[in-house]
Amino acid sequence: MQTIVFEGHSRMHLEEKEKPKPGEGEALIKVAHTGVCGSDLTLFAGKNPRAKIPVTPGHEFSGRVVEHAAGGSAIPVGARVAVLPTISCGVCELCTSGRAHLCRKLRFIGIQQDGSMAEFVNAPIANLYAVPDQLSDEVAALTEPVAVAVRAGRRARMEIGDDVLVIGAGPIGLM
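What counts, and where the lines are drawn
- Residues numbered from 1 in each chain as written.
- Predicted model: local features only at pLDDT ≥ 70, side-chain atom pairs only at ≥ 80, totals over all residues.
- Heavy atoms only, no water.
- Salt bridge = Lys/Arg side-chain N within 4 Å of Asp/Glu carboxyl O.
- Helix = DSSP H or I, 4+ residues; strand = E, 2+ residues; numbered from the N terminus.
- Buried < 20%, exposed > 50% of the residue type's maximum accessible area, 1.4 Å probe, protein only.
- Contact = heavy atoms within 4.5 Å.
- Core = buried A, V, L, I, M, F, W, Y, C linked by side-chain atoms within 4.5 Å.
- Pairing = 2+ DSSP bridges.
- Axes fitted to C-alpha atoms, helices over the stretch in contact; angles between N-to-C directions.
- Phe/Tyr/Trp six-rings, centres within 6.5 Å; stacked < 30°, edge-to-face > 60°.
- Lys NZ or Arg CZ within 6 Å of the ring centre and 35° of its normal.

Undergrad: Any chance you could explain the pattern of salt bridges here in plain terms?
TA: Side-chain pairs of opposite charge can arise whenever the charged atoms involved come near each other. Overall, the coordinates contain three salt bridges when judged by the stated rule. The partner of Asp137 in a salt bridge is Arg80, and the shortest N-O contact between them spans 2.9 Å. Pair noted here: Asp137 is in helix H3 (residues 137-140) and Arg80 is in strand S5 (residues 80-83), with a separation of 57 residues, a long-range link. Residue Asp137 is classed as partly exposed on the basis of its relative accessible area, which comes to 23%.

Undergrad: Looking at this structure, I do not really get the side chain of His59. What am I missing?
TA: Mapped onto the elements of the fold, His59 is located in the loop between helix H1 (38-44) and strand S4 (61-68). Assessed through its relative accessible area of 7%, His59 is described here as buried. Residues within four places of His59 in sequence aside, it is in contact with Cys37, Ser39, Asp40, Val83, Pro85, Ile109, Ser116 and Glu144.

Undergrad: I'm lost on the nonpolar core in this one. Help?
TA: The tendency in soluble globular proteins is for nonpolar side chains to be buried as a group. Formed by 15 residues in total, the largest nonpolar core has its most connected members in Ile29, Phe61, Val65, Val81, Val83, Ile109 and Leu128. Sorting the residues of this core by element identifies strand S3 (26-34), S4, S5 and strand S8 (120-124) as the ones contributing at least two each. It is S3 that provides the largest number of residues to this core, a total of three residues. If sequence neighbours within four positions are ignored, Val81 has contacts with Ile29, Phe61, Ser62, Gly63, Val65, Ile75, Leu128, Tyr129, Ala130 and Val131. Phe6, Leu43, Ala51 and Val55 belong to the second largest nonpolar core, which has five residues in total.

Undergrad: Got a minute to help me understand the sheet that holds strand S9 (residues 128-130) in this structure?
TA: Note on sheets: strands pair through backbone hydrogen bonds, and any given pair is parallel or antiparallel. As summarised here, the arrangement of the five strands in space is S8-S3-S4-S5-S9, forming an open sheet in which the pairing is antiparallel. For this open sheet the edge positions go to S8 and S9, each flanked by a neighbour on one side alone. Between one strand and the next, the sheet's axes are offset by a mean angle of 50°, whatever the strand orientation. Alignment of S4 against S5, held across three bridges, turns out to be antiparallel. Looking at S5, one finds that Arg64 is bridged to Arg80.

Undergrad: Mind showing me how you'd approach the pairing of strand S2 (residues 11-16) here?
TA: Regular strands place their side chains on alternate faces of the sheet. Where strand S1 (residues 2-8) meets S2, six bridges bridge the pair, whose relative direction is antiparallel. Looking at the pairing, Val5 lines up with His13 of S2.

Undergrad: Hey, could you run me through the packing of aromatic side chains in this one?
TA: Aromatic ring pairs are described here by two measures, namely the spacing of the ring centres and the angle between the planes. Evaluated as defined, the whole model comprises zero aromatic pairs. A cation over a ring is seen here: Lys19 above Phe120, with NZ or CZ 4.8 Å from the ring centre. In this structure, Lys30 packs its charged tip against the face of Phe120, placed 5.2 Å from the ring centre.

Undergrad: Where do I start with the pairing of S8 in this structure?
TA: Most of S8 is tucked away, with five of its five residues classed as buried. The alternating pattern of S8 places Phe120, Asn122 and Pro124 on one face and Val121 and Ala123 on the opposite face, and all of these are buried. As paired elements, S3 and S8 share five bridges and run antiparallel to each other. By the bridge assignment, Glu26 is partnered in S8 with Pro124.

Laid out in structure tokens, this is it:
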């Protein structure tokens, strides 16, 4: 399969790699669409201290499940999905109390493990969200940034009619 490989500060190349096999609790996704995020640009600039180099970037994506590890999944092979790119341990107090985004073992697809700027990518089955038929793959790839924007709005406790200032006109700011 073809994949983009980030090798360090401002260095990327296209590489032919073997298609990954899903591990326990994972599904193999054939990537349909992937976005380029500000965090991908930070990675490219060499300013992400969490990056595991070399790595295939990309965490905003949609695709189709092509294979499961043993045990299967509630989301069947062939299903269209969007993927939550954060991977937590699932067992610590933060994870079990609904704050998995604060897990001390938190990893990110596209930063600490290969991401969606490839033909295929592995993702935890628990992180897959079925995409309804009426939603295009292009729009489904925006699921993660939309979730970030929604969370920001909820945390700000915005109400209809409130005046707000959004700093930054990237996709999340525009959403």
